Amino acid sequence: MTSATPTLSLPGDPPGGRRAVWIWGIGVAVYFVAIIFRTSLGVAGLDAADRFDVNASALSTFSILQLLVYAGMQIPVGLMVDRLGTKKVLALGAVLFTLGQLGFALSPSYGMALASRALLGCGDAMTFISVLRLGSRWFPARRGPMIGQVAALFGMAGNLVSTLVIARALHGFGWTTTFVGSSLAGVVVLVLLLLFLKDHPEGHEPPPAEHAGAAFVRKQIAAAWREPGTRLGMWVHFTTQFPGMVFLLLWGMPFLVEAQGLSRGTAGELLTLVVLSNMVVGLVYGQVIARHHAARAPLALGTVAMTALLWASTIFYPGDHAPMWLLITLCAVLGFCGPASMIGFDFGRPANPPERQGTASGIVNMGGFIASMTTLFAIGVLLDATGDNYRVAFASVFVLEALGVAQILRLHARATRRERDHHVVSRVEAVHVPV
């Protein structure tokens, strides 16, 4: 790996510090709760199938609809963050995902449960981009990669709560009590952000947003999309994130229990391993990328290669069940997917100016969720069509990985050239800025 050119600290860079950590921490807490709500279905999938008396395709529709809403909201949310600021968007998101979780707890029918997951997805969509924007407003630019990975780490801690707490609560207290009780966490973080969160430190107010209606919106989206770094970031996110998300969000538990013959307890421990691996690897990836910018593409492509190899080794293992050591290795490697997907934002961020960061992040963030949604649907349909043949259904992952790798290789050289040009211009402008 070659060492990156040091990131420039411009006169307008936020100072960071303890107050920045506190304010940003409130935003991360909102994201943490959103992830608990998002992933709670992953440990409740079998319970949901029994409660609403649905098959695999209908069960996958819960997560597909949630991700469809999430992905569809990314560009609108990015524009909202750029125009309205972080606090207003996060507050709206917290209200929506809390109502969605409460509605899911009390839904008497499959249709109402679907509507509740859609509402949850809408609120969830407003969290991560807002947290990224909050970090960029409160911390120096050189902290960007690490701030993003740490935010994702706390998100995975929310996933850990789902796999440990929600799963056990479902067994001990039942469906309604578990989901109603968890929704109270949304109320707590909403109160915190309304009382304490600020969009930016004093003296670092962003320039006034343009108010040009639809023309401004089209201009923002088009300008962000034209940047090769934005598109490369989207494809990196698309290719790296979805195997781990599909496994954690819905199909990991049924695969481990029904296809691999494990108990629910053992399967839950393996899902916990995915989350723990994600948290550890996130810190490592953040440190490596902060010091060696050139490591971004090798880390992303290396993660895809490892994931594909372990996925293939597990589903095509000659025998009825894969050995435990292979399942453990697969789950440990699936933990690399989340941190690798964050690399997409590290391509999109330097390609766009501050006033377009929300929009660009929204485009990048769409990638992995579109891939996850597509794969969730494909696996559900293939399981029903093949009589629960997980080998055939899980092989659909390779199609999307091949598509994503082809796009990454196509865009990488163009994006890095463009980023290098932007960096040279920034250095020249910084030399002439009076301090």
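This one's a predicted model, so the numbers in the text were calculated from it and none came from an experiment.

Undergrad: Give me the lowdown on the overall build of the chain, citing residues and values where you can.
TA: A tally of helices and strands in the chain yields 16 helices and zero strands. Burial status across the chain gives 56% buried among its 435 residues. In the structure as shown, the chain presents an accessible area of about 17500 Å², 67% of it carried by carbon and sulfur atoms.

Undergrad: Before we move on, could you go through the nonpolar core and cite the residues and values that matter?
TA: Formed by 137 residues in total, the largest nonpolar core has its most connected members in Phe247 and Phe394. The dominant element in this core, judged by the number of residues it contributes, is helix 1 (residues 18-52), at 19 residues.

Undergrad: Lay out the packing of aromatic side chains with the relevant residues and their values.
TA: Tallied over the entire structure, the rule returns 24 aromatic pairs. Seen from their ring centres, tyrosine 390 and phenylalanine 394 are 5.6 Å apart, and the 75 degrees between their planes marks the pair as edge-to-face. Note that tyrosine 390 and phenylalanine 394 are positioned in helix 15 (residues 390-394) at a spacing of four residues, about one turn of the helix. Taken as a pair, tyrosine 390 and phenylalanine 394 share a single burial class, namely buried. Through a chain of ring-to-ring contacts, the aromatic side chains of Phe52, Phe62, Phe104, Tyr110, Trp175 and Phe179 assemble into a single cluster. A cation over an aromatic ring shows up here: arginine 231 above the ring of tryptophan 225, its NZ or CZ 6.0 Å from the ring centre.

Undergrad: Give me the packing of helix 3 (residues 86-106) against helix 7 (residues 175-196): which residues, what numbers.
TA: Two elements in contact, helix 3 and helix 7, have axes whose closest approach is 8 Å; the angle formed by their N-to-C orientations is 170 degrees. In this view, helix 3 runs roughly antiparallel relative to helix 7, as classed from their interaxial angle. Here helix 3 runs over helix 7; the crossing is left-handed. Of helix 7, the residues touching helix 3 (which contributes Lys87, Leu90, Ala91, Ala94, Val95, Phe97, Thr98, Gln101, Leu102, Phe104, Ala105 and Leu106) are Trp175, Thr176, Phe179, Val180, Ser182, Ser183, Gly186, Val187, Leu190, Leu193 and Leu194. Each residue belonging to the contact of helix 3 with helix 7 can be placed in one class, and the counts come to 16 nonpolar, six polar and one charged.

Undergrad: Tell me what's going on with empty space enclosed by the protein, and back it up with residues and numbers.
TA: As enumerated under the stated definition, the model contains one cavity of 30 Å³ or more in all. One number sums up the size of the largest cavity: a volume of about 320 Å³. Taken together, 25 residues make up the lining of the largest cavity; nearest its centre are Arg38, Met156, Gln241, Met245 and Gly338. A total of six residues in the lining of the largest cavity trace back to one element, the largest contributor, which is helix 9 (residues 228-259). Taken together, the residues that form the lining of the largest cavity break down as 14 nonpolar, 10 polar and one charged.

Cut-offs used in this document
Residues numbered from 1 in each chain as written. Predicted model: local features only at pLDDT ≥ 70, side-chain atom pairs only at ≥ 80, totals over all residues. Heavy atoms only, no water. Helix = DSSP H or I, 4+ residues; strand = E, 2+ residues; numbered from the N terminus. Buried < 20%, exposed > 50% of the residue type's maximum accessible area, 1.4 Å probe, protein only. Areas by Shrake-Rupley, 256 points an atom, 1.4 Å probe, with all protein chains shown as cover. Core = buried A, V, L, I, M, F, W, Y, C linked by side-chain atoms within 4.5 Å. Phe/Tyr/Trp six-rings, centres within 6.5 Å; stacked < 30°, edge-to-face > 60°. Lys NZ or Arg CZ within 6 Å of the ring centre and 35° of its normal. Axes fitted to C-alpha atoms, helices over the stretch in contact; angles between N-to-C directions. Parallel < 35°, antiparallel > 145°, perpendicular 65-115°, else oblique. Left-handed = near helix turned anticlockwise from the far one by under 90°. Contact = heavy atoms within 4.5 Å. Nonpolar A, V, L, I, M, F, W, Y, C, P; charged D, E, K, R; others polar. 1 Å grid on protein atoms, 1.4 Å probe; cavity = no way out; pocket = protein on both sides within 12 Å on 5 of 7 lines; lining within 4 Å. Points joined across faces, edges and corners; volume = space filled by probe spheres on them.

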